[in-house]
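Listed here are the chains, written in short residue letters.
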Amino acid sequence: MLAHVRAALVSLVVFTVVTGILYPLIVTGIAQAVFPYQANGSVIVKDGKPVGSALIGQSFDDPKYFWSRPSATSPFPDNAGSSSGSNLSPTNPELVKAVQGRVDALRAADPGNTAPVPVDLVTASGSGLDPHISPAAALYQAPRVAKARGLAPRAVRQLVDRHTEGRFLGLLGEPRVNVLALNLALDGK
């Protein structure tokens with residue numbers, strides 16, 4: 001019996017060291033050597049200060065900025081410690097009311113814009129943390145942003161085009177625009 005207990009304890013110690021210390025150190029070392037930007041959270045730095053991550057959405061509500069997708073995280077929007085969607089069905093009255101409120105807010109922010117509102121501007125992503133919007137969502141907001149900043153609409157549309165990322169490997173996913181990177185580029189104009 002003691003032989004079995006001793007073997008179990010030795011196995012516990014060996015596997016704890018291998019899987020709890022050595023393996024994480026090796027994986028972290030490889031990640032730091034090969035993908036340091038990603039391994040450190042894809043942090044976007046401006047003027048030597050971190051302003052956000054390219055992987056986590058941020059809320060913008062000033063008319064001179066592009067607005068992100070709504071966030072369903074709690075207790076506050078874009079809470080990286082509480083990734084979640086709303087889990088409301090498309091026919092749920094609460095979701096319908098929330099979407100209508102978001103459409104109304106977009107229309108109020110830019111009353112002259114009669115284009116259809118892109119769905120990603122009024123619905124949260126599955127994680128509630130999506131840092132991207134569709135090119136259509138960015139272009140929908142371009143007239144409002146141009147007017148609020150006193151820029152030519154064409155210049156703002158060109159900025160959106162320059163910040164549109166294509167499909168991964170040319171075929172996976174959808175084209176997208178990172179809202180934080182686009183807004184930082186706007187501030188640089």
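Cut-off values and rules
- Residues numbered from 1 in each chain as written.
- Predicted model: local features only at pLDDT ≥ 70, side-chain atom pairs only at ≥ 80, totals over all residues.
- Heavy atoms only, no water.
- Helix = DSSP H or I, 4+ residues; strand = E, 2+ residues; numbered from the N terminus.
- Buried < 20%, exposed > 50% of the residue type's maximum accessible area, 1.4 Å probe, protein only.
- Contact = heavy atoms within 4.5 Å.
- Phe/Tyr/Trp six-rings, centres within 6.5 Å; stacked < 30°, edge-to-face > 60°.
- Lys NZ or Arg CZ within 6 Å of the ring centre and 35° of its normal.
- 1 Å grid on protein atoms, 1.4 Å probe; cavity = no way out; pocket = protein on both sides within 12 Å on 5 of 7 lines; lining within 4 Å.
- Points joined across faces, edges and corners; volume = space filled by probe spheres on them.
- Nonpolar A, V, L, I, M, F, W, Y, C, P; charged D, E, K, R; others polar.
- Pairing = 2+ DSSP bridges.
- Salt bridge = Lys/Arg side-chain N within 4 Å of Asp/Glu carboxyl O.

Q: If you had to explain the environment of D120 to someone new, which residues and values would you point to?
A: Residue placement: D120 occurs in the loop between α3 (93–109) and β3 (132–133). Taking the relative accessible area as the measure of exposure, D120 reaches 10% and is therefore buried. The spatial distance from the C-alpha of D120 to the C-alpha of G20 is 41 Å, given a sequence separation of 100 residues. Contacts of D120, omitting those with residues within four sequence positions, involve R69, P70, I133, S134 and A137.

Q: An account of the packing of aromatic side chains is requested, with residue identities and associated values reported.
A: In the structure shown here, the tally under the stated rule is 1 aromatic pair. Judged by centre distance (5.7 Å) and plane angle (40°), the rings of F60 and Y65 are tilted. The burial state of F60 is the same as that of Y65; both residues are buried. In this structure, R144 is placed above the aromatic ring of W67, and the distance from its NZ or CZ to the ring centre is 4.0 Å. Sitting over the ring of Y65, R149 keeps its end group 4.9 Å from the ring centre.

Q: Run through empty space enclosed by the protein, naming residues and quoting values.
A: Throughout the structure, instances matching the rule amount to 1 cavity of 30 Å³ or more. Volume-wise, the largest cavity comes out at about 30 Å³. As for the largest cavity, its lining consists of S53, I56, G57, Q58, F60, S68, P131, V179 and L180. Residues that form the lining of the largest cavity fall into these classes: 5 nonpolar, 4 polar and no charged.

Q: Describe the pairing of strand β1 (residues 43–46), and please don't skip the residues or the numbers.
A: In the sheet, β1 pairs with strand β2 (residues 49–53) via 4 bridges, with the strands oriented antiparallel. Bridged to V43 within β2 is S53. Counting the residues between successive antiparallel strands, the hairpin from β1 to β2 contains 2 residues, one of them, D47, with a positive phi of roughly 55°.

Q: Run through the pattern of salt bridges, naming residues and quoting values.
A: Enumeration over the complete set of coordinates arrives at 4 salt bridges. One salt bridge connects D130 with R69, and the closest N-O pair in it is separated by 3.8 Å. Of this pair, D130 sits in the loop between α3 and β3 while R69 sits in the loop between β2 and α3; the two residues are 61 residues apart in sequence, bridging distant segments of the chain. Note on R69: relative accessible area 18%, which makes it buried. Measuring nitrogen to oxygen at the nearest pair gives 3.4 Å for the salt bridge that ties R176 to E165. Of this pair, R176 sits in strand β5 (residues 176–178) while E165 sits in strand β4 (residues 164–165), and the two are 11 residues apart along the sequence. We classify R176 as partly exposed; its relative accessible area is 25%. Classification of E165 by relative accessible area gives partly exposed; the value is 30%.

Q: How would you explain the layout of surface pockets if you had to name every residue and give the values?
A: Here the idea is plain: a probe the size of a water molecule rolls over the atoms and shows the empty space left. Taken as a whole, the largest pocket holds about 250 Å³ of empty space. What lines the largest pocket is a set of 13 residues, among which F60, S68, R69, P70 and L121 lie closest to the centre. Its residues placed into classes, the lining of the largest pocket shows 7 nonpolar, 3 polar and 3 charged.

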